[in-house]
Structure formats: structure tokens, C-alpha cells
Amino acid sequence: MTDCNKDCAASECAMELYERLTAQGDRVRTLKTDKAAKNEIDEAVKLLLQLKETYKKVTGQDYKSGSPPSEVTSTSGNGPTATTEDDDVVDPWTVATSNAKGIDYDKLIVRFGSSKIDQELIDRIERVTGQRPHHFLRRGIFFSHRDMHQILDAYENKKSFYLYTGRGPSSESMHVGHLIPFIFTKWLQEVFDVPLVIQLTDDEKYLWKDLKIEECYRFAIENCKDIIACGFDVNKTFIFSDLEYMGESPGFYKNVVKIQKHVTFNQVKGIFGFTDSDCIGKISFPAIQAAPSFSSSFPQIFNGRKDIQSLIPCAIDQDPYFRMTRDVAPRIGHSKPALFHSTFFPALQGAQTKMSASDPNSSIFLTDTAKQIKNKINKHAFSGGKDTIEEHRKFGGNTDVDVSFMYLTFFLEDDEKLEQIRKDYSSGALLTGELKKYLIDILQPLIAAHQERRKQVTDDVIKQFMTPRKLAFDF
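Residues numbered from 1 in each chain as written. Predicted model: local features only at pLDDT ≥ 70, side-chain atom pairs only at ≥ 80, totals over all residues. Heavy atoms only, no water.

Q: I'm lost on the overall build of the chain in this one. Help?
A: Along its length, the chain carries 21 helices and nine strands. Here the C-alpha radius of gyration of the chain, 23 Å, is about what a compact globule of 475 residues would show, namely 23 Å. A principal-axis box enclosing the C-alpha atoms of the chain has dimensions of 65 × 60 × 50 Å. Within the chain, buried positions represent 52% of all 475 residues. In the chain, once contacts between residues fewer than 6 apart in sequence are set aside, the share between residues at least 24 apart is 76%. As presented, the chain carries roughly 21,400 Å² of accessible surface, and 48% of it is formed by carbon and sulfur atoms. Charged side chains in the chain number 62 positive and 67 negative. The centres of these two groups are separated by 3 Å. (Helix = DSSP H or I, 4+ residues; strand = E, 2+ residues; numbered from the N terminus. Rg over C-alpha atoms; globule rule 2.2 N^0.38 Å. Buried < 20%, exposed > 50% of the residue type's maximum accessible area, 1.4 Å probe, protein only. Contact = heavy atoms within 4.5 Å. Areas by Shrake-Rupley, 256 points an atom, 1.4 Å probe, with all protein chains shown as cover. Lys, Arg positive; Asp, Glu negative; His and termini not counted. Charge placed at Lys NZ, Arg CZ, Asp CG, Glu CD.)

So this is what it looks like as C-alpha cells:
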């Protein structure tokens, strides 16, 4: 669903709420017809009642099925689709905020109904794996989850799971922000020693972008090279293009069709904000992104088993796909996928600005030279420093909005060094130019090393990763 932002008319927001209510009502009826578990029905009914309450606050009217909202008489900002200027817009296609600090993730957890990654969970991951938690966990970069305790329970009882993540290939070059889920996924695979599947949604990009289908597949292969260059183990990892794999795997397509049968048009409209003018490919696509969540989509890896649970590390804007998936899973005989949600990687111009492949100055790309990296950071990285050196020395800088410091939280692994930089910059002892140099010195060798690894990815290596096959696990 596309959330309302500050420019959204109240009537438009009311209509979105109306469509969500209609979809939720359909869901409750379907659950009852399918004789779903009582707690699942109760949860769906509870959400339906909450939506009705929010609808009345926003519109001043009671919800009536078949009667779209008339003129809105109230626009209270208490509901999930409130229209105050502080609202963050987060859906699979749009991420926007007016706050220089970025998205309010605590509010997003409440709105999406996920669970915060707290210290107790981080400590448990350390106990179970025997490894120090990744700095993405320690620093709250991955901040939210669904059913991670269930994954750990199963793992402690010697029950396996698998990892699933993906990439939407909309251009030849990826930027440093695209590396975040793959860096974390690689760590998870190494500490838990489990299979990994990576979906390249080239079909999605064809449906949403003004691109030829051949271009989308070519972008998928180019992005595949960058993913492989992250260092994944070919014996434990399967990377696939939707355009290619769908025609090769009856198991995958059967799951797509099962999901499509159990999700109504009203439900996808309510979740994703589709309209009557959207092509039917968009409306059916969510089932394709959902299908890798189920182990029977990969019979060559899991020997046809349906009971292997998936864990999906992704940015939280992808969560609507998997809320839908978790709703469908028990009705088609599968486990609900568990999830790890990451924060968003900020654009160079600030956390409230969206990175764009069409704007080369909005991010650091994996194809950038050392000189380009230096120039982009020095010229375009939003500063939390003061206007003059004198003011900065006296009052210090603001690390909450400084993009160079934000980037360091992602890529500087040394916690003590990062904390010292934060203190020095906040006190004024460290100037903006010096902070930017720290970042340049981190990113230049990191990207140069990535580029060298990418050069080693031949067509034969790509074929090895993308050939459906048994991995180094017995199921």
C-alpha cells in the first residue's frame, strides 16, 4: 500500500483506508471459510476492528461495505495513514520523509506490526552461533524482525532453515547501499551454515520500468556479478533470474499459482495500492516475490520438502510482500517466513533524499573510481557541521544528520573508533573535512577490492551460481 504523505488529499487517504478495510474483510471471510486456526482468525478480526476505528477517525464516518467514503469531515492524525507533515512514506516503491534524521523506525515497527531487535535477541544470537553479532545488529542497522526467536528455537533443536534475499536489477551498476543486505546475508550464511537463494526480479523491473525485457535480463546478469563479488560460496548459494527460472521449475510456478489463488484483487489493492489502470502483471507479481519463501520452490535443493522455514533479510520497505506471504503460508501448507528488516541507506544529499540510479551524485556506485568517490563525498555529502570553523569548534557537529557519519556506521567495523569519531565531531574537535576524509579512506579501498573481485567473475562462474542444482546440504 502507498501511504499518504503531506501532499496527499484527505479523500485519497480515506479511499486507501477503505480499500484496506475491504481487503481485510475479504481476508477474514476467507480464513473462516478455510477453517483457519482460531488465533489466526482472531488476529485478523482484531486488525479489521482497528482499521474500522482508524477509518472513522480519519473520515468521521462508519465503514460500510460497498459504500466508498464521501466528503471527509475529519483528518485526525492518529491512524496509520495519518496526513500530518511528520509522516514517513514507506512502501516497496517509495521511501520519503521530511525529517533530516531519516525515517522514524520505532513508529514504523508499530505501524507494520513487527518486533524490535532488542539486546536480548542480539545476546541470544551470540549464544546460539558462538560468534560476535554483526555490527549491523549491534548498531541497529537491522532493527526489526518477525519470528527470529522461532528460527533460533528450531536451530537449537537441530532443525535447518534457509536464507532468501533478492535484488531488483534496474540498472547495470549497483551502489554501496545495495550491498547492505548481501553483506549481512553472507554473515548469516557463514555463522549458521545454511543454504541461500537470491532472487533477481528482472520481471518486476520490466513491468514497472520503461525497459525492454532483454535489458532487464542483462541488468540481472550484471548485478549478479556484483552479488557474487560479495564472496558467497557457490556450493551453498543459488542465484536465479525470474525470467529464466520460472520456466524451468514446476515447483516454483506451482507455488506462485497457489499464492495467486489465495490472495484476492482487493487484498493486493489494499496492500500495494494498485489501481484499475495497473497492468495485470503488476497485480500478479507479489506472488512471484513470495514464492521463494517456500522450500518446495527449490526441489533441487530441498528434495521436494515443504517444511524448511525461510529467513529473509531485507530492507523494511519490502515487508508488505512478506506480510501477504505470511498470511497465505499456512493456508497452502507452508511455514511462515521469518524476517530481518534493515534501515534505509541514505542518499549523499541527506536521509530525507532518495537515492536514484539516474542521479550519479546521489550515491557512491560500485563502478566509481577513487577520484569520483573523493569528489562525491567532498562535494555532495550532507554535513552536520556548522557554517564556520569557529562555530563548529564552539558548538560541534550533529552526527544525527551528517551523511558521512551515517555511512561510517555502515562501513567502519571498529566500534571504539566510531564512538571516538562521534565524540570528536560532536564536541567540535573534528571538522567536517576531516570526517569526510575518514569516510573516503574507508570507501576507496573497499570499492577497489570489490571491483577486483568482480573482474574474476567469469561467464562460467555466473553459470555455476545460476544453474538449478543440489547444494552442499542433505535434505
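And the narrative resumes.
Q: What am I meant to see in the sheet that holds strand β4 (residues 142–146) here?
A: Two pairing modes exist for strands in a sheet, parallel and antiparallel, and in both the strands are linked by backbone hydrogen bonds. Read across the open sheet, the seven strands follow the order β3-β4-β9-β8-β5-β6-β7; overall the sheet is mixed. The sheet terminates laterally at β3 (115–116) and β7 (237–241), the two strands that pair on one side only. Inspection of the sheet shows strand β8 (residues 309–315) paired to strand β9 (residues 338–342) by five bridges, in the parallel sense. Directly across from Cys 314, in β9, lies its bridge partner His 341. (Pairing = 2+ DSSP bridges.)

Q: I tried to follow a nonpolar patch on the surface on my own but got confused; where do I start?
A: A contiguous nonpolar surface patch, about 240 Å² in accessible area, is contributed by Tyr 206, Ile 213 and Leu 243. Positionally, Tyr 206 belongs in helix α8 (residues 202–208). (Patch = residues over 30% accessible without salt bridge, like charges linked within 9 Å, V, L, I, M, F, W, Y side chains within 5 Å. Salt bridge = Lys/Arg side-chain N within 4 Å of Asp/Glu carboxyl O.)

Q: Just checking my understanding: could you explain the packing of helix α4 (residues 119–129) against helix α6 (residues 148–156) for this structure?
A: Geometry of a packed helix pair, given as the angle between the helix axes and the separation of the axes. Running from amino to carboxyl end, α4 crosses α6 at an angle of 20°, the nearest separation of the two axes being 11 Å. Comparing their axes, α6 and α4 come out roughly parallel. Seen along the crossing, α4 lies across α6 with a hand that is left-handed. Facing Leu 121, Arg 124, Ile 125 and Val 128 of α4, the residues of α6 in contact are Met 148, His 149, Leu 152, Asp 153, Tyr 155 and Glu 156. In the contact of α4 with α6, the residues fall into six nonpolar, one polar and three charged. (Axes fitted to C-alpha atoms, helices over the stretch in contact; angles between N-to-C directions. Parallel < 35°, antiparallel > 145°, perpendicular 65-115°, else oblique. Left-handed = near helix turned anticlockwise from the far one by under 90°. Nonpolar A, V, L, I, M, F, W, Y, C, P; charged D, E, K, R; others polar.)

Q: Looking at this structure, I do not really get the packing of aromatic side chains. What am I missing?
A: What describes a pair of aromatic rings is the distance from one ring centre to the other and the angle between the planes of the rings. Summed over the entire model, instances satisfying the criterion amount to 36 aromatic pairs. Arranged with centres 6.5 Å apart and planes meeting at 75°, the rings of Tyr 162 and Phe 298 form a pair that is edge-to-face. One end of the pair, Tyr 162, is in strand β5 (residues 161–167); the other, Phe 298, is in the loop between α13 (280–290) and α14 (299–302), with 136 residues separating them in the sequence. Looking at Tyr 162, the relative accessible area reads 0%, which means it is buried. Looking at Phe 298, the relative accessible area reads 0%, which means it is buried. Each ring, one from Phe 285 and one from Tyr 321, has its centre 6.0 Å from the other, and the planes form 85°; the classification is edge-to-face. In this pair, Phe 285 is assigned in helix α13 and Tyr 321 in helix α15 (residues 319–328), connecting sequence segments 36 residues apart. Side by side, Phe 285 and Tyr 321 carry an identical accessibility label, which is buried. The structure contains a cluster of three or more aromatic residues connected by ring pairs, namely Phe 136, Phe 142, Phe 184, Trp 187, Phe 340, Phe 345, Tyr 407, Phe 410 and Phe 411. Its guanidinium or amino end placed over the ring of Phe 112, Arg 323 lies 4.5 Å from that ring's centre, counting from NZ or CZ. (Phe/Tyr/Trp six-rings, centres within 6.5 Å; stacked < 30°, edge-to-face > 60°. Lys NZ or Arg CZ within 6 Å of the ring centre and 35° of its normal.)

Q: I tried to follow the pairing of β4 on my own but got confused; where do I start?
A: Most of β4 is tucked away, with five of its five residues classed as buried. Relative to β4, β3 runs antiparallel, the two being bridged by two bridges. Its bridge partner lying in β4, Ser 115 is registered against His 145. By the bridge criterion, four bridges tie β4 to β9 in an arrangement that is antiparallel. Along β9, the bridge assignment pairs Arg 146 with Leu 339.

Q: What should I look at first to understand the state of the cysteines in this one?
A: Using the criterion set out here, one finds zero disulfides in the structure. In this structure Cys 230 is a free cysteine whose sulfur lies 11 Å from that of Cys 224, the closest cysteine sulfur available. With a relative accessible area of 14%, Cys 230 lands in the buried category. No disulfide involves Cys 314; its nearest neighbouring cysteine sulfur is the one of Cys 230, lying 17 Å away. A relative accessible area of 7% places Cys 314 in the buried class. (Disulfide = S-S within 2.5 Å.)

Q: Can you help me understand a negative patch on the surface in this one?
A: On the surface, a cluster of negative charge is contributed by Asp 118, Glu 120, Asp 123 and Glu 126. With respect to the secondary-structure elements, Asp 118 resides in the loop between β3 and α4.

Q: I keep staring at the nonpolar core and nothing clicks. Help me out?
A: Proteins that are soluble and globular tend to have nonpolar side chains buried together. Among the nonpolar cores identified, the biggest contains 66 residues, and Phe 142, Phe 192, Ile 239, Leu 311, Phe 340 and Ile 364 are the most heavily contacted of them. The dominant element in this core, judged by the number of residues it contributes, is helix α7 (residues 179–192), at eight residues. With residues up to four places along the chain from it excluded, the contact list for Phe 192 reads Val 128, Thr 129, Met 148, Leu 152, Tyr 155 and Phe 161. (Core = buried A, V, L, I, M, F, W, Y, C linked by side-chain atoms within 4.5 Å.)

Q: What am I meant to see in the pattern of salt bridges here?
A: Summed over the entire model, instances satisfying the criterion amount to 26 salt bridges. Among the salt bridges present, the one from Asp 193 reaches Lys 236, with a minimum N-O distance of 2.7 Å. Taken together, the positions of Asp 193 in the loop between α7 and β6 (196–200) and Lys 236 in the loop between α9 (213–228) and β7 put the pair 43 residues apart, joining distant regions of the chain. What makes Asp 193 partly exposed here is its relative accessible area of 40%. Judged by its relative accessible area of 22%, Lys 236 falls in the partly exposed class. Between Arg 331 and Asp 327 there is a salt bridge, with its nearest N and O atoms 2.8 Å apart. By relative accessible area, which is 15% here, Arg 331 ends up buried. Its relative accessible area of 11% is what places Asp 327 among the buried residues. Each of the salt bridges in this network shares a partner with another, and the network as a whole consists of Arg 132, Arg 138, Arg 139 and Asp 415.

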